[in-house]
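As a plain string of letters, each chain reads:
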Amino acid sequence: MSRQFEKLEVCYKYYQSVTDFVPKVGLILGSGLGGYAKNMKVEKEIPYGDIPGFPVSTVQGHDGKFLFGYIGNVPAVVMKGRVHYYEGYSMEDVVLPTRLMKRMGIEILFLTNAAGGINRSFHVGDFMMITDQISSFAPSPLIGENVFELGERFPDMTHIYDEELMDLIGKTAREENISLQKGVYLQTTGPNFESPAEIRMYSVLGADAVGMSTACEAIAARHAGVRVCGISCISNMASGISDEELSHLDVQSVADQRAGEFERLVTKSIEKM
Ligand code: HPA
């Protein structure tokens, strides 16, 4: 058994010792979605700090716990708060929660985040369904000994974001009258925001939005055979796209303002999964 799988199993055993809830969908909440619990029937909470060896976030606005319950009739596990690579955790630790949710039983991972808009047709406050990603500027979470218990050494990444789930989210947005952009998400390591020259480069490379999470979680989930979908809230236009200086507080404040509609889109989509 690989060292990383042993660590995962310790977390999984703890989970089994406190609940027998089996989720179908995992939802990772990004900035602004911290109040999501009101959209679900919560049956059980597990603070990250209670789970042996589990990485705990240090970022303001990212306090951490798992919520287990029903979104509509769909059994779900929701991550209130995630850890980021820039906090100093290894990529293996950053994706440990994703892998743990797979061990709990999830078949679908729903990723959310706040991101900077690179595509000039986007506006602050827009939602962008993630159709593909660029993770080449952060280390792969699969570097190191392969966890064969989860997946193969060289997993295919041709269809990271699931076509059927994208159709379902697109249809839900239309039904709910929520406008939805589509695009490619690029993950940087952070924690600094980008320079205008970097954003020009990312634009040339085909990125529509930039953020400091998500792509690594999507890779770990696909490695383990979990279907993936994701939505970004465009909390700001990226560096140099607008003249405004960037701040985490502004990111949070826009994400907070858009939380109601974001929650509705996520909830209505998951109810159909
Ligand atoms: N850059 C990187 N990450 C982000 C941004 C950004 O502009 N906005 C929100 N997260």
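Residues numbered from 1 in each chain as written. Predicted model: local features only at pLDDT ≥ 70, side-chain atom pairs only at ≥ 80, totals over all residues. Heavy atoms only, no water.

Caption draft 1: Looking closely at the overall build of the protein. In terms of helices and strands, the protein carries 8 helices and 9 strands. Against the 2.2 N^0.38 benchmark of 19 Å for 273 residues, the protein shows a C-alpha radius of gyration of 17 Å, consistent with a compact globule. Here the protein holds 273 residues, and the buried ones make up 56% of them. At a minimum sequence separation of 6, the contacts of the protein that also span at least 24 residues come to 83%. (Helix = DSSP H or I, 4+ residues; strand = E, 2+ residues; numbered from the N terminus. Rg over C-alpha atoms; globule rule 2.2 N^0.38 Å. Buried < 20%, exposed > 50% of the residue type's maximum accessible area, 1.4 Å probe, protein only. Contact = heavy atoms within 4.5 Å.)

Caption draft 2: Seen up close, empty space enclosed by the protein. For the structure shown, the criterion picks out 1 cavity of 30 Å³ or more. Space inside the largest cavity adds up to approximately 40 Å³. Taken together, Glu92, Arg99, Pro141, Leu142, Ile143, Glu145, Asn146, Val147 and His223 make up the lining of the largest cavity. Residue composition of the lining of the largest cavity, grouped by class: 4 nonpolar, 2 polar and 3 charged. (1 Å grid on protein atoms, 1.4 Å probe; cavity = no way out; pocket = protein on both sides within 12 Å on 5 of 7 lines; lining within 4 Å. Points joined across faces, edges and corners; volume = space filled by probe spheres on them. Nonpolar A, V, L, I, M, F, W, Y, C, P; charged D, E, K, R; others polar.)

Caption draft 3: Molecular detail of the site of the ligand. Around the ligand lies a shell formed by Ala114, Ala115, Gly116, Phe193, Glu194, Val210, Gly211, Met212, Ser235, Asn236, Leu246 and Val251. One of the backbone nitrogen or oxygen atoms of glycine 116 is found 3.3 Å away from a nitrogen atom of the ligand. For the ligand, whose free accessible area comes to 260 Å², the fraction covered by protein is 95%. More than half of the atoms belonging to the ligand lie within 2 Å of the grid points that define the largest pocket. (Near = heavy atom within 4 Å. Polar contact = N/O pair within 3.5 Å; in protein donor to acceptor, adjacent residues only side chain to side chain. Areas by Shrake-Rupley, 256 points an atom, 1.4 Å probe, with all protein chains shown as cover. Sits in = over half its atoms within 2 Å of the grid points.)

Caption draft 4: Just the pairing of strand E3 (residues 65-71), in detail. Among the 7 residues in E3, 5 count as buried, and that is most of the element. As paired strands, strand E2 (residues 41-47) and E3 are joined by 6 bridges and run antiparallel to one another. Residue isoleucine 46 lies in a different strand from E3, and its bridge partner there is phenylalanine 66. In this structure, E3 lies alongside strand E4 (residues 74-80), joined through 7 bridges in antiparallel fashion. (Pairing = 2+ DSSP bridges.)

Caption draft 5: Summary view of the pairing of strand E1 (residues 25-29). Burial of E1 is extensive: 5 of the 5 residues sit out of reach of the surface. Of the two faces of E1, the one lined by Val25, Leu27 and Leu29 and the one lined by Gly26 and Ile28 are each fully buried. As paired strands, E1 and E4 are joined by 5 bridges and run parallel to one another. By the bridge assignment for E4, leucine 29 is matched with lysine 80. By the bridge criterion, 4 bridges tie E1 to strand E5 (residues 108-117) in an arrangement that is parallel. Each bridged residue has a counterpart across the sheet, and for glycine 26 the counterpart in E5 is leucine 109.

Caption draft 6: Spatial organisation of a nonpolar patch on the surface. Residues Phe137, Met201 and Leu205 make up a contiguous nonpolar surface patch of roughly 250 Å² in combined accessible area. Mapped onto the elements of the fold, phenylalanine 137 is located in the loop between strand E6 (127-134) and helix H4 (163-175). Among the residues examined, phenylalanine 137 registers a relative accessible area of 32% and is labelled partly exposed. (Patch = residues over 30% accessible without salt bridge, like charges linked within 9 Å, V, L, I, M, F, W, Y side chains within 5 Å. Salt bridge = Lys/Arg side-chain N within 4 Å of Asp/Glu carboxyl O.)

Caption draft 7: Structural detail: the pattern of salt bridges. Here the structure, examined in full by the defined rule, presents 13 salt bridges. Here aspartate 93 makes a salt bridge to lysine 7, at a shortest N to O gap of 2.8 Å. Of this pair, aspartate 93 sits in helix H2 (residues 91-94) while lysine 7 sits in helix H1 (residues 3-18), placing them 86 residues apart in sequence. The class of lysine 7 is partly exposed, set by a relative accessible area of 25%.

Caption draft 8: Quick look at the packing of aromatic side chains. A complete count under the given rule lists 10 aromatic pairs for this structure. We note arginine 103 situated over the ring of tyrosine 12; from NZ or CZ to the ring centre the distance is 4.2 Å. (Phe/Tyr/Trp six-rings, centres within 6.5 Å; stacked < 30°, edge-to-face > 60°. Lys NZ or Arg CZ within 6 Å of the ring centre and 35° of its normal.)

Caption draft 9: The side chain of glutamate 92, seen in detail. Mapped onto the fold, glutamate 92 is located in helix H2. If near-sequence neighbours (up to four positions away) are discounted, glutamate 92 is found in contact with Arg3, Gln4, Pro141, Ile143 and Glu145.

Caption draft 10: Highlighting helix H3 (residues 96-104). Most of H3 is tucked away: 7 of the 9 residues are buried. What H3 keeps buried is the set Leu96, Pro97, Thr98, Arg99, Leu100, Met101 and Met104. Of the residues flanking the end of H3, it is glycine 105, one or two places downstream, whose phi is positive at about 125°.

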